[in-house]
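Now for the letters of each chain:
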Amino acid sequence: ERDNVEKEVGEALDENFKALEEKQESREKRRQSTEGETEDTEGEDSDKPESSAENTDSEEKPAEEKSAEAGSSSSTTAESEAKDCEPSKMEEDAKEDTESVGNEAKEGQDKKEQEAEEEEDPSNLQLAWEMLELAKVAYSNKLESMTADDEKKPIQMKVCETLLTLGEVSLENETYDQAVVDITECLNKRKALHAADSRRIAETHYQLGVALGHFNKFDDAVKSLEEAITCLKLRMENLKNKSESVDEAKANDAFYSREAEITELEALIPEIEEKIQDTKDMK
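Residues numbered from 1 in each chain as written. Predicted model: local features only at pLDDT ≥ 70, side-chain atom pairs only at ≥ 80, totals over all residues. Heavy atoms only, no water.

Peer 1: What am I meant to see in helix 3 (residues 124–144) here?
Peer 2: Counting along an α-helix, one turn takes 3.6 residues, and residues three or four places apart therefore face a common direction. The first and last C-alpha atoms of helix 3 sit 31 Å apart over 21 residues, in line with the 30 Å expected at 1.5 Å per residue. Packed against the buried residues of helix 3 are helix 4 (149–172). (Helix = DSSP H or I, 4+ residues; strand = E, 2+ residues; numbered from the N terminus. Expected span 1.5 Å × (residues − 1). Contact = heavy atoms within 4.5 Å.)

Peer 1: What's the story with the pattern of salt bridges in this structure? I'm lost.
Peer 2: Between side chains of opposite charge, pairing is possible as soon as their charged atoms come close. What the rule picks out here adds up to 12 salt bridges. Residues Arg-190 and Glu-203 are paired through a salt bridge, measuring 3.6 Å at the closest nitrogen-oxygen approach. Of this pair, Arg-190 sits in helix 5 (residues 176–193) while Glu-203 is found in helix 6 (residues 199–214), placing the two residues 13 residues apart along the sequence. The shortest N-O distance in the salt bridge between Arg-258 and Glu-244 comes to 3.0 Å. Within this pair, whereas Arg-258 is found in helix 8 (residues 258–281), its partner Glu-244 is found in the loop between helix 7 (218–241) and helix 8, the two being separated by 14 residues in sequence. Overall, the relative accessible area of 30% leaves Arg-258 in the partly exposed class. Bridged by salt links that share partners, the residues Asp-197, Arg-199, Arg-235, Lys-250, Glu-261 and Glu-264 form one connected network. (Salt bridge = Lys/Arg side-chain N within 4 Å of Asp/Glu carboxyl O. Buried < 20%, exposed > 50% of the residue type's maximum accessible area, 1.4 Å probe, protein only.)

Peer 1: Explain the packing of helix 6 against helix 8 here, please?
Peer 2: To describe two helices that pack against each other, one gives the angle between their axes and the distance between the axes. Where helix 6 contacts helix 8, the two axes come as close as 12 Å, and the packing angle between them is 15 degrees. Taken as axis vectors, helix 6 and helix 8 run roughly parallel relative to one another. Our pair here, helix 6 against helix 8, has a crossing hand that is left-handed. On the side of helix 6, the interface is formed by Arg-199, Tyr-206 and Val-210, while helix 8 contributes Glu-261, Glu-264, Leu-265, Leu-268, Ile-272 and Lys-275. (Axes fitted to C-alpha atoms, helices over the stretch in contact; angles between N-to-C directions. Parallel < 35°, antiparallel > 145°, perpendicular 65-115°, else oblique. Left-handed = near helix turned anticlockwise from the far one by under 90°.)

Peer 1: Can you walk me through helix 4 in this structure?
Peer 2: End to end, helix 4 covers 35 Å across 24 residues, agreeing with the expected 34 Å (1.5 Å per residue, within 8%). Those residues of helix 4 lying buried are Ile-155, Met-157, Val-159, Cys-160, Thr-162, Leu-163, Leu-164, Leu-166, Gly-167, Val-169, Ser-170 and Leu-171. Among the structural elements, helix 3, helix 5 and helix 6 are those in contact with the buried residues of helix 4. Phi turns positive, to about 65 degrees, at Glu-174, one or two residues after helix 4.

Peer 1: Got a minute to help me understand the packing of helix 3 against helix 4 in this structure?
Peer 2: Orientation of helix 3 relative to helix 4, taken along the N-to-C sense of each, is 160 degrees, at an axis distance of 9 Å. The angle between the axes of helix 3 and helix 4 places the two elements in the roughly antiparallel class. As helix 3 runs across helix 4, the sense of the crossing is left-handed. Between helix 3 and helix 4, the contacting residues are Leu-125, Trp-129, Leu-132, Glu-133, Ala-135, Lys-136, Tyr-139, Ser-140, Lys-142 and Leu-143 on the first element and Lys-152, Ile-155, Gln-156, Lys-158, Val-159, Thr-162, Leu-163, Thr-165, Leu-166, Val-169, Ser-170 and Glu-172 on the second. Broken down by class, the residue content of the contact of helix 3 with helix 4 amounts to 11 nonpolar, 5 polar and 6 charged. (Nonpolar A, V, L, I, M, F, W, Y, C, P; charged D, E, K, R; others polar.)

Note that every value here comes from positions in space, so none of it alone points to a role or purpose.
This is how it looks when you write it as C-alpha cells:
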C-alpha cells in the first residue's frame, strides 16, 4: 500500500509540474502580446500554483492516512493473533497440570496398594519361623509317642537343631527376646543329651552369647561366650588324651583326625575371644 501511495503522489507531482510549464509558456506568449495582460495573468498564475500545491498536499495527506491505517491494521492483527495464542497456551498449561496431578494420584494409589500387599504377605523370615515352629511341634508330638530312649535321642537332637535355628531366625528378625528363649531351651536340652566337651554345647553357648549381646544383656553375653571357650578347651584336652566324646557330625567322616580337629579348635578360640572384647566395648 505504501508503494501505491508513493506512486500516486509522484504522478500527481508530475502533472502539477506539467501544468506549471504550460502556464509558463502561456504567460510568455501573453507578455509578448501585452504587458498589462501579462501582469494580470501573473497574478492569476500565482494563485493557481498555490491551489495546485494545496491539491498536492491534499493528495499526500490521504496517502499518509492510508499508510497509518495500514500500520494500525497490522498492529491490530498482531494483537488479535497474540490474544488467540494466549488461550491456547493457557489450555496447554492446564492440560499439563491435570496430567501431572493425575500421575501423582496414580503413583500414590500404586504405593498404597503395594504397602497393603506387603502387609498382607508375610516375609521370608516370618514364613521360615512358622515352618520351624511347625517342625518343632511335629517332633515334640512324635517324642511323646515313643518309649525307647535310643529311638528318642535322634528326634531330641532334631528338636534342639530346630530350636537353635528358630533362635537364629529371631536374631535376623530382630526379635531378640524370643531368640534368647529358644536358644536357652536348646542349651538346656543339649546339656542333657551330650557330654560336657561336646561341640554342640559350645556352639549353643556362643549363639546364646550373641543373642544376649543384641538384647543388651552384655554381662550375661560375656559369660556365655566364656563358657563356649571353656567347653572347647575341655574338648581339646580330651582330644590330646584321646578321651573325647563322639561327635555325631563327624562320625562317618573318612578324613577326620584328632590333630585336624585340635587345629580347628585352636583357630576358633581367638575368634570367640575377639567377640568377647567387642561385647565388652558395647557396654
